[in-house]
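Now for the letters of each chain:
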2 protein chains.
Amino acid sequence: MSEYSPLPVPPMSIRFDPAAGTLSPEGPTLTRRMSDLEGLFRDRAAWEQAVADGDPVVYSVVSSQVPEVDRELPQSITTIQPGATGGELWMTKGHQHPNHQGEIYLGISGRGGLLMFDGAETRWVEMTPGTIGYMPPGWAHRSINIGSEPYSFLAVYPGGAGHDYGWVLEHGMGLRVLAATDDNTAANGNTGTDTGVEFVAYSGD
Amino acid sequence: MSEYSPLPVPPMSIRFDPAAGTLSPEGPTLTRRMSDLEGLFRDRAAWEQAVADGDPVVYSVVSSQVPEVDRELPQSITTIQPGATGGELWMTKGHQHPNHQGEIYLGISGRGGLLMFDGAETRWVEMTPGTIGYMPPGWAHRSINIGSEPYSFLAVYPGGAGHDYGWVLEHGMGLRVLAATDDNTAANGNTGTDTGVEFVAYSGD
């Protein structure tokens, strides 16, 4: 199994292959199945059904060997599969940095969105290959696949920023992102969409 | 003139065009001419001659609008022109981060090298498009164009790391990077090279 580099971290050359979505040499890989996303989808029954129907992989995160340690600057590639559950497009759990620090995402392939929420305002950046989405310190962030192909992006983030997933369970993200269909509430397939998105407020949950 | 964003920095979408070497919207651009590189080339007479012969632009750095402020994560694209002065390949001034924090460079176009020095050891990473060079905290770094075309890379770095250029004037970088020719000491053109590089120790200065 691949691991983070021991401290002190040596200078490194890391091969970034956007087409393959890989970093070489690679560090740990994180896989998030539907069952890992409890409490995040608006339609809990649809989420339970998706877990029962094979508990699919929603996204994976492959890291370089630069560790998540203060003063280091690790990188990772996240790939979100296309799909929707209860009409809500497949997404990452989302997190806030407990140690507020900025982060960037660089779109690599597919079409996605970057949702940011500071507890009061919500912002949306549409991500295509070559888009850098900038998350200032203090803005929680979640990524969403809005296309019909896997959506991948490179993340670069301060190693001491940390990941608070509970923040999003408590505060939400301001908006949810749905596939733009005639009747979103009926959509429950894993088909993704290229027809656009609709936003609904968390306050309606 | 383009400027950094005022604080607090809003969420941003930045268009990264590797082919053009641009970030849009763009922030300030820094231009370094030969005269800005005083004291850095081994052959001072050759450097003085190059300054007299039109004082060419050696490299430029175009930034995004994310400011160099603690907790932010700014980005920039550096483009180094091909050339050699006194046989020594054109390069950036090089700097140490007074507030030790890691940084990454992503090769975009051309062929370059990333020289790192922690005051005792020197490391070299050859940079081509798709190479991520990782600079751990505490390693001073300098970039060198080792090809015959402009060499460009995207940098992502913690905004509070700072830039100490005097550190390199005082400590050097351990090694100098020369064009690999039959007689480096005779080379003094702006032609660059695709024939490889040679390293010589600063201790011989």
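Residues numbered from 1 in each chain as written. Chains lettered and ligands numbered in written order. Predicted model: local features only at pLDDT ≥ 70, side-chain atom pairs only at ≥ 80, totals over all residues. Heavy atoms only, no water.

- In the annotation of an unreviewed UniProt entry, the entry for chain A reads glucose-6-phosphate isomerase, and the organism field reads Leifsonia kafniensis.
- In the Sequence similarities (unreviewed entry) part of its UniProt record, chain A is described as follows: "Belongs to the archaeal-type GPI family."
- Under the Catalytic activity (unreviewed entry) heading, UniProt states for chain A: "alpha-D-glucose 6-phosphate = beta-D-fructose 6-phosphate". (UniProt positions renumbered as here; feature names shortened; annotations may be inferred.)

## Considerations on the overall build of chain A
For step 1, the next point in the chain: From N to C terminus, chain A includes two helices and 15 strands.
For step 2, the next point in the chain: Computed over C-alpha atoms, the radius of gyration of chain A comes to 17 Å, within 12% of the 17 Å expected from 2.2 N^0.38 for 205 residues, which places it in the range of a compact globule.
For step 3, the next point in the chain: Taken over the C-alpha atoms alone, chain A extends approximately 55 × 35 × 30 Å along its principal axes.
For step 4, the next point in the chain: Out of the 205 residues in chain A, the part that is buried amounts to 53%.
For step 5, the next point in the chain: Within the structure as shown, chain A displays about 8,100 Å² of accessible surface, and the carbon and sulfur contribution to it stands at 49%.
For step 6, the next point in the chain: On chain A, the mean spot of the 11 positive side-chain charges and the mean spot of the 25 negative ones are 2 Å from each other. (Helix = DSSP H or I, 4+ residues; strand = E, 2+ residues; numbered from the N terminus. Rg over C-alpha atoms; globule rule 2.2 N^0.38 Å. Buried < 20%, exposed > 50% of the residue type's maximum accessible area, 1.4 Å probe, protein only. Areas by Shrake-Rupley, 256 points an atom, 1.4 Å probe, with all protein chains shown as cover. Lys, Arg positive; Asp, Glu negative; His and termini not counted. Charge placed at Lys NZ, Arg CZ, Asp CG, Glu CD.)

## Focus: the sheet that holds strand β5 (residues 75-80) of chain A
For step 1, the next point in the chain: In spatial order, the strands read β3(A)-β4(A)-β5(A)-β13(A)-β8(A)-β11(A)-β1(B)-β2(B); together these eight strands make up an open sheet with antiparallel pairing. Each end of this open sheet is capped by a strand with a single partner; those strands are β3 (29-33) of chain A together with β2 (22-24) of chain B. Mean inter-strand twist for the sheet, computed between neighbouring axes without regard to direction, equals 25°.
For step 2, the next point in the chain: For strand β1 (residues 12-17) of chain B and β2(B), the ladder comprises three bridges, and the chain directions are antiparallel. Bridging from a neighbouring strand, B:D17 pairs with B:T22 of β2(B). (Pairing = 2+ DSSP bridges. Axes fitted to C-alpha atoms, helices over the stretch in contact; angles between N-to-C directions.)

## Let's talk about the confidence of the model for chain A
All names here are of chain A.
For step 1, the next point in the chain: On average, residues of chain A score 93 in pLDDT, and 92% of them are at 70 or above.
For step 2, the next point in the chain: Here residues 184-193 scores under 50 on pLDDT; set against residues more than four positions off or in separate chains, the count is 30 contacts.
For step 3, the next point in the chain: Our summary of model confidence lists the complex with pTM equal to 0.93 and ipTM equal to 0.92. (pLDDT = per-residue confidence, 0-100. Contact = heavy atoms within 4.5 Å.)

## A closer look at the pairing of strand β8 (residues 103-109) of chain B
All names here are of chain B.
For step 1, the next point in the chain: The buried fraction of β8 amounts to six of the seven residues, a majority that puts the element mostly inside the structure.
For step 2, the next point in the chain: Bridge analysis of β8 against strand β11 (residues 131-135) gives four bridges, and the strand direction is antiparallel. Within β11, the residue paired with I104 across the bridge is Y134.
For step 3, the next point in the chain: Across five bridges, β8 lies against strand β13 (residues 151-156) in antiparallel orientation. Bridging across to β13, Y105 finds its partner in A155.

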